[in-house]
Amino acid sequence: MPPHRVGWLILALFLVTADVATAINRSPVEAGGAIALPPGSLVRTGDPTRQRDLGLRPAWQAFRAAYGPWEALWNEATGTPHRAFGPGIPLEGFANDPAAVDHAVRRFVVRHPQLFGGRPALETVRAAQVGGIWYLTYRQTVRGVPVLFEDWEFRVGANGNLMLFGADAHPMDARVETRPLLVGAVAREAARAGLDFDPATDRIEGGEQLYLLPYSAEDGIHPRLVYDVRVQTANPPGNWIALVDAANGEVLWRHNLVRPSIDGNVSGDVHLVLPTDLYSRRPFAHETVTVENNTVTTDAAGHYSAPASGQAKVSAKLQGPFVTVTNQNGTNASFSVTSHDGSTVDILWGSSGSPLSLDSERDGFYHVNVVHDYITTLDPGFTGDNYSMPCKVEVAGTCNAFWDGNGLNFYAAGGGCPSAATMPDVVYHEYGHSINDKLYLQVSGSFGMLNGALHEGMADVNAAFLQDDPIIGQGFYGPGTSLRTLDNTFRWPQDRSGDPHVTGLIIAGAFWDLRQAVGLSLADSLAHFAKYGTPDDFDDGVAMSEYFLETLVWDDRNDGNLANGTPHSAAITAAFNQHGIGTSYFIDIYHVALADQPDAGPYPVTATIRYTSTAFGGLDPASPTLHYAVNGAPYVSAPMSPTGNPDQYTASIPSTSRAIVHYHLSAGDVNGGVQTEPPGAPSRDHVFLVGPAVQSLAYDMEADPGWTVGDPLDNATTGVWIRAEPVGTSTGGVQVQPELDHTPDPGSLCFVTGNAAPGDPLGTNDVDGGRTTLTTPVFDAVSGGMQNPIIEYYRWYTNNSGASPTSDFWRVEISNDAGANWVPVEGTLETDNTWRRVLFFIGDYLTPTTQMRLRFIAEDLDPTSLVEAAVDDFRLLGFPATTAVGDRPIPARTELMAATPNPFRDLTRLRYRLATPATVTLRIFDVGGRLVRTVESGTKEAGAHTVVWDGRDESGRSVPSGSFFARLSVEGREIARRLIRAR
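The rules behind the values
Residues numbered from 1 in each chain as written. Predicted model: local features only at pLDDT ≥ 70, side-chain atom pairs only at ≥ 80, totals over all residues. Heavy atoms only, no water. Helix = DSSP H or I, 4+ residues; strand = E, 2+ residues; numbered from the N terminus. Rg over C-alpha atoms; globule rule 2.2 N^0.38 Å. Contact = heavy atoms within 4.5 Å. Areas by Shrake-Rupley, 256 points an atom, 1.4 Å probe, with all protein chains shown as cover. Pairing = 2+ DSSP bridges. Axes fitted to C-alpha atoms, helices over the stretch in contact; angles between N-to-C directions. Phe/Tyr/Trp six-rings, centres within 6.5 Å; stacked < 30°, edge-to-face > 60°. Buried < 20%, exposed > 50% of the residue type's maximum accessible area, 1.4 Å probe, protein only. Expected span 1.5 Å × (residues − 1). Polar contact = N/O pair within 3.5 Å; in protein donor to acceptor, adjacent residues only side chain to side chain. Parallel < 35°, antiparallel > 145°, perpendicular 65-115°, else oblique. 1 Å grid on protein atoms, 1.4 Å probe; cavity = no way out; pocket = protein on both sides within 12 Å on 5 of 7 lines; lining within 4 Å. Points joined across faces, edges and corners; volume = space filled by probe spheres on them. Nonpolar A, V, L, I, M, F, W, Y, C, P; charged D, E, K, R; others polar. Left-handed = near helix turned anticlockwise from the far one by under 90°. Salt bridge = Lys/Arg side-chain N within 4 Å of Asp/Glu carboxyl O. Core = buried A, V, L, I, M, F, W, Y, C linked by side-chain atoms within 4.5 Å. Disulfide = S-S within 2.5 Å.

### Description of the overall build of the protein chain
Then step 1. Helix and strand counts for the protein chain stand at 13 helices and 51 strands.
Then step 2. Against the compact-globule benchmark of 30 Å for 983 residues, the protein chain has a radius of gyration of 31 Å, which places it among compact chains.
Then step 3. Viewed in the frame of its principal axes, the protein chain has a C-alpha envelope of about 105 × 75 × 65 Å.
Then step 4. Within the protein chain, contacts between residues separated by at least 24 positions form 67% of all contacts whose residues are at least 6 apart in sequence.
Then step 5. Looking at the protein chain as shown, the accessible area adds up to about 38600 Å², and 52% of this sits on carbon and sulfur atoms.

Below is the structure:
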């Protein structure tokens, strides 16, 4: 190389190395060094107004006029259909071979430039037929450079009908740069910045392939020329894809193929279900045995036969064509003996005798072969896992396992967990990640499955369907424990989480419900073959809606027309709707929440409710419903009626006085899909105050309110309460800590559980190591003649990210004796990462006094949880003195106290006090107002009483997790309390 070229390269490497840390800090760095693309930068589908406007464009209306009632989910970032489907369109020139189908689809694209952003250059990624469906994928190119992360997808039936297509066609200016300013060596150096890279053990490859990456900026999406570089690190394990800007060396996206996970059970003399099971002797299929110089593989019965002449050495290890087991903490198990031709040499792998082997070695080998045979029997055309997959056991560390993009890794015993490879469903789950990645690579040549929630959810489905058991990670923390279950009620979006294991339970739960409805064989086929459509997106909701549509596509192999239903569309739709990722996606409810109201009523509630598809039957006209609860009583449901304006419905909450009213809306379609407003109702709902309330105390936290941080029981090591401007953090597109306080501008301060510096890793200075307490000063709730004092505050709480989601409580407690004794107000495991308004009457919990205090407790008792909380805008309100009817007519000192514990798992105590002897009934209702159980009835003496409810209904059946109401009836008067069961 000429000297001046060498000098230029050294200078470029120096400049990129100096600038790369700054470049990475401009990008959203996630755990372990991953770098995400700007949120929502490539596919945006969440704006109902924009969706409607795009659907009304003349080009789309002309298309519908020509081909029938096609529906489209529009990509708002590009203005092109992300997914469109409808009555089959016969393709001109179609013939049942790849070249003809390819030409027919390209002819369709050319004839409809208004739908695809012109006539871009396209390269064919695949044109393959699976089960009668043609799957075609294209990639846009600019002067020969491929464009990444655009969906150009087409589905064609065997009869030549186009049934679905989509194209995220980002505009490509003719001036877009396709020549790099940096050489590949500079890109390789930039790719490792920000990673723990050891030149002695780690390596960097690539830097030759160029792509165009659509990238979000303030003024829109612009293509940036990038190098594809691969970085492999040993500690921590990493197999990184890095896209490096070919102009300035900035790492624009970095994705780790290593995927942590937790699942498990047995092999050997092997464990078949649990690591605590007795050994079961099973034949070892697919094991390589060497007889002298001849290598053979055992059959399904474990039998081998190889030629030998005279004496011969017979040797074997726990390896074969589909798996190679290596012990990372000792010598690999092996067998060797010299024998003579004509003799029989049996090999028994056991925990004693010869050959000696570890449980994890035997279990890992056996169960990897079990899951390999399972998936290849289901889909012989899938060959992506037909190689000797590395299976490392006894890896340093505890309570974990992961897929690294090429092999499986199982941690050693410790930390209360058995060796991970001895848990079969952990093996099946991790292998499920390999199926996800390798199938996507096989059919589309992409980077594999990228969406974390899909990855985890469908890996869980693989494990559950193989064993026909919804429980994942049986025995993970010891006998009787598990990690999670597919038999769940998780819904989108209310149960979304920054932890993909948790969000993945939404789609995994849908497939388990489908398995119950249509049987294991069909559900297994639908779950697997939907992957041939490569549903995927950086947005979890978009990715799961794509998976729903691809499941219908695979089910519709009869006529290639989604508009007329599929053989099992009712069951598929019902299962996905149970989890909020089916046709409920097409229900749009727009409502402006009611503000606080004067005494005069009733209170009209109006909403615009639209169904954005005609392919799935439409909105159930009788479904729009208003649900409201006054002063903690059970919810009352009122049907909403059309107003006469397009798509507008209304109902009224009856007139009340001096009350706290909670309400939410719901609507459904003819398939059983249901949408609520706000999402997550009734756990999250709207609340307003009725009556001329007067403010007697207010803290907006902008000035020091004199609140106390700390309590003798506090032991949190980080994330202790501070009054500050919050520093926002997010993971997986979910805001974990707020970026702004609640107080309207110019407010900026609130109480928050610690702040990290901008750009710090997720979880920096969250609550760790125990609890942290924030307590108000003593305040007077009785002076001034006000009646029914009310406390209002806004709070933020999240606990469902990190490795142990939903395991830590948020607590709020109240005292009327300056803090000597406390009564619970809130106690929840439910994440609500919004500024949530809380309103309650002090008298619902204890007698108001001049010595009131309130305290807020956030805790993290599991070291792997991520817990953040915030409090702002505290007020004390009350009503002017009056003798009007409606002023809480329960006799003085007759009260129903808050249940303890609440939330509860198995038992909760209901305490009430009577001012005088009275006839009482204490009953439990669900949120629909249906009686669950009567727990107390009869005439009772004055004074305190306690009743224990065991979470069972009148027939003795245990009730599911969810919200309930305890209602105390005292001689015609009623008091209600909300209960939450969290199992």
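### Re the sheet that holds strand β10 (residues 238-245)
Then step 1. A sheet is described by the order of its strands in space; here four strands give the open sequence β8-β9-β10-β11, paired in antiparallel fashion. Only two strands of the sheet have a single partner each, and these edge strands are β8 (203-217) and β11 (251-256). Averaged over all pairs of adjacent strands, the angle between their axes in this sheet comes to 25°, without regard to strand direction.
Then step 2. Sheet topology note: the strand β9 (residues 220-233)/β10 ladder contains eight bridges and is antiparallel. Across the sheet, Tyr-227 pairs through a bridge with Val-244, a residue of β10.

### Observations concerning the packing of aromatic side chains
Then step 1. Taken as a whole and assessed by the stated rule, the structure comprises 52 aromatic pairs.
Then step 2. Centroid distance Phe-511 to Tyr-547: 5.7 Å. Interplanar angle 80°. Geometry classified as edge-to-face. Within this pair, whereas Phe-511 is found in helix α10 (residues 500-518), its partner Tyr-547 is found in helix α12 (residues 540-555), the two being separated by 36 residues in sequence. With respect to class, Phe-511 is no different from Tyr-547; both count as buried.
Then step 3. Ring geometry for Phe-511 and Phe-576: centres 5.4 Å apart, planes at 80°, overall edge-to-face.

### Here's the deal with helix α4 (residues 98-111)
Then step 1. Given a rise of 1.5 Å per residue, 14 residues ought to cover 20 Å, and the 20 Å separating the end C-alpha atoms of α4 matches this to within 8%.
Then step 2. Every buried residue belonging to α4 is among Ala-100, Val-101, Asp-102, Ala-104, Val-105, Phe-108 and Val-109, and all of these are buried.
Then step 3. Measuring from the side-chain oxygen of the N-cap residue of α4 to the backbone nitrogen of Ala-99 gives 3.1 Å; that N-cap residue is Asp-97.

### Quick notes on the sheet that holds strand β28 (residues 648-653)
Then step 1. Overall, antiparallel pairing links the four strands, which are arranged β23-β24-β28-β27 in an open sheet. Each edge of the open sheet carries a strand with a single partner, namely β23 (587-590) and β27 (641-642).
Then step 2. Bridge count for strand β24 (residues 603-611) against β28 is six bridges, and the pairing is antiparallel. Bridged to Val-605 within β28 is Ala-651.

### Some remarks on the packing of helix α7 (residues 359-378) against helix α11 (residues 520-529)
Then step 1. Two elements in contact, α7 and α11, have axes separated by 11 Å at closest approach and are oriented at 90°. If you check the angle between α7 and α11, you find them roughly perpendicular. On α11, the residues that touch Tyr-374, Ile-375 and Leu-378 of α7 are Asp-524, Ser-525, His-528 and Phe-529.

### Describing empty space enclosed by the protein
Then step 1. The tally for this structure, following the rule as stated, stands at four cavities of 30 Å³ or more.
Then step 2. Reported here for the largest cavity is a volume of approximately 920 Å³.
Then step 3. Lining the largest cavity are 38 residues; nearest its centre among them are His-662, Val-825, Glu-826, Tyr-845 and Arg-978.
Then step 4. Elements with a minimum of two residues in the lining of the largest cavity: β25 (625-630), β29 (659-668), β41 (823-828), β42 (832-841) and β51 (973-981).
Then step 5. Top element by residues in the lining of the largest cavity is β42. It accounts for seven residues.
Then step 6. Class assignment for the residues of the lining of the largest cavity results in 19 nonpolar, eight polar and eleven charged.

### Details of the packing of α11 against α12
Then step 1. α12 packs onto α11 with a crossing angle of 120° between their chain directions and a minimal axis gap of 8 Å. Classified by the interaxial angle, the pair formed by α11 and α12 is oblique. As α11 runs across α12, the sense of the crossing is right-handed. Seen from α11, the contacting residues are Ser-525, Leu-526, Ala-527 and Phe-529; seen from α12, they are Tyr-547, Thr-551, Trp-554 and Asp-555.

### A short note on the pattern of salt bridges
Then step 1. Summed over the entire model, instances satisfying the criterion amount to 37 salt bridges.
Then step 2. A salt bridge links Lys-940 to Glu-936, with the shortest nitrogen-to-oxygen separation between them at 3.8 Å.
Then step 3. Overall, the relative accessible area of 22% leaves Lys-940 in the partly exposed class.
Then step 4. You can call Glu-936 buried: its relative accessible area is 16%.

### A short note on the environment of Ala-530
Then step 1. In this structure, Ala-530 sits in the loop between α11 and α12.
Then step 2. A sequence separation of 147 residues divides Ala-530 from Glu-677, and the C-alpha atoms of the two residues are 31 Å apart.
Then step 3. If near-sequence neighbours (up to four positions away) are discounted, Ala-530 is found in contact with Pro-535, Tyr-547, Glu-550 and Thr-551.

### Here's the deal with the nonpolar core
Nonpolar side chains tend to gather and get buried jointly when the protein is soluble and globular.
Then step 1. Counting residues in hydrophobic clusters, the biggest one holds 112 residues, and the most contacted among them are Phe-410, Ile-507, Phe-511, Phe-616, Leu-626 and Ile-653.
Then step 2. Non-local contacts of Ile-507, meaning those with residues more than four positions away in its chain, are made with Leu-454, Gly-457, Met-458, Met-544, Tyr-547, Phe-576 and Ile-581.

### Overview of the state of the cysteines
Then step 1. All chains considered together, the criterion is met by one disulfide.
Then step 2. Here Cys-399 connects covalently by a disulfide to Cys-417, the sulfurs 2.0 Å from one another. Around the S-S axis, the bridge from Cys-399 to Cys-417 shows a dihedral of about 100° and counts as right-handed. Here the residue Cys-399 occupies a position in the loop between β18 (389-398) and β19 (401-403), and Cys-417 occupies one in the loop between β20 (408-412) and α8 (424-444), the gap between them amounting to 18 residues. Note on accessibility: Cys-399 and Cys-417 belong to one class, buried.

### Observations regarding the side chain of Asn-409
Then step 1. Inspection of the secondary structure assignment puts Asn-409 in strand β20.
Then step 2. Since its relative accessible area comes to 4%, Asn-409 is described here as buried.
Then step 3. Within the structure, Asn-409 has its side chain in polar contact with the side chain of Asp-404 (distance 3.3 Å).
Then step 4. Setting aside anything within four residues of it in sequence, one finds Asn-409 in contact with Lys-392, Val-395, Ala-401, Phe-402 and Asp-404.

### Here we look at the pairing of strand β30 (residues 674-677)
Then step 1. Where β29 meets β30, four bridges bridge the pair, whose relative direction is antiparallel. Within β30, the residue paired with Gly-668 across the bridge is Val-674.
Then step 2. Where β29 folds back on β30, the antiparallel hairpin that results is connected by five residues, among which Gly-672 adopts a positive phi of roughly 95°.

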